[in-house]
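Here are the chains, one letter per residue:
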Amino acid sequence: MSDAIPDSWKPVLEPALAAPEARKLGGWLRAEEDAGKRIYPPRGCRLRALELTPLDSVKVVILGQDPYHGSGQAHGLCFSVQDGVKVPPSLVNIFKELESDIGIARPTHGNLESWAQQGVLLLNNTLTVEEARAGSHAGKGWDAITDACVAAVAERDAPCVFILWGSHAQAKAKRIPALGASDRHLLITSPHPSPLSAHRGFLGSKPFSRTNAFLEAQGCEPVDWSL
């Protein structure tokens, strides 16, 4: 794993990085790339979520599964795509809910960096993927690192909203006891925004207004969800 851990996250990630599965991850990724496989996102932006959202600034966590596996899409933030890239179907549904929930017109692009810069940690469970092979890097060592990220946020005194869309994100949360240790945090769960499941309860779940209502009640600055 060539990307450097941002300074604010180093102390809480050091134990996870020392674990055998994490140590193997870097060598495995290099071997995959040396074999000619295309890995997304490219080197240099795999830890972009941690770079844009320092630990002490996190007030919302949105947890995804793994990066988009098409060329030019993934850039280190879950559900986000780079400027000029067609908005993927799950993000289209997120924008539909954004408009329905708080009246923000659907954005014309899918770059969510402005959310990250306001303290929304856009973290995938697995931070790399092979081209055209969704889920291909699951179980290769990222879990220990991203589990540690979420646990570190949950263990702080500062209130935080954890937005968990879909069974995969919700199962990950259950593996981190700190999430249920205090009522200072809010958990928002619903089906995934994928077209296969969005109509089963994601649409109409009002995650954006609920998040901001909680933050304001805790004396925190709400998120400006406009893009």
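Cut-offs used in this document
Residues numbered from 1 in each chain as written. Predicted model: local features only at pLDDT ≥ 70, side-chain atom pairs only at ≥ 80, totals over all residues. Heavy atoms only, no water. UniProt positions renumbered as here; feature names shortened; annotations may be inferred. Helix = DSSP H or I, 4+ residues; strand = E, 2+ residues; numbered from the N terminus. Buried < 20%, exposed > 50% of the residue type's maximum accessible area, 1.4 Å probe, protein only. Contact = heavy atoms within 4.5 Å. Pairing = 2+ DSSP bridges. Axes fitted to C-alpha atoms, helices over the stretch in contact; angles between N-to-C directions.

- You'll find the protein entered in an unreviewed UniProt entry as Uracil-DNA glycosylase, with Aurantiacibacter sediminis given as the organism.
- Quoted verbatim from the Subcellular location (unreviewed entry) field of the UniProt record, the comment on the protein reads "Cytoplasm".
- The UniProt entry for the protein carries the following text under Function (unreviewed entry): "Excises uracil residues from the DNA which can arise as a result of misincorporation of dUMP residues by DNA polymerase or due to deamination of cytosine."

## Topic: the side chain of Thr211
Move 1: With respect to the secondary-structure elements, Thr211 resides in helix α8 (residues 207–217).
Move 2: According to the relative accessible area criterion, Thr211 is buried, its value standing at 0%.
Move 3: If we ignore the near neighbours within four places in the chain, the residues touching Thr211 are Val60, Val161, Ile163, Ile188 and Trp225.

## Things to note about the sheet that holds strand β6 (residues 186–190)
Move 1: Taken together, the four strands give an open sheet; going across it, the order is β3-β2-β5-β6, and neighbouring strands pair in parallel fashion. The strands lining the two open edges of the sheet, one partner per strand, are β3 (120–124) and β6. Mean inter-strand twist for the sheet, computed between neighbouring axes without regard to direction, equals 15°.
Move 2: Two elements, strand β5 (residues 161–165) and β6, share five bridges in a ladder whose sense is parallel. Opposite Phe162, over in β6, you have Leu187 as the bridge partner.
Move 3: Against the sheet, helix α7 (residues 167–174) contacts β2 (60–64), β5 and β6, and its axis sits at roughly 135° relative to β5.

## Things to note about the pairing of β2
Each regular strand shows side chains that alternate between the opposite faces of the sheet.
Move 1: With five of its five residues buried, β2 lies for the most part within the structure.
Move 2: Along β2, one buried face is formed by Val60, Ile62 and Gly64 and the opposite face, lined by Val61 and Leu63, is buried too.
Move 3: Sheet topology note: the β2/β3 ladder contains five bridges and is parallel. Directly across from Ile62, in β3, lies its bridge partner Leu122.

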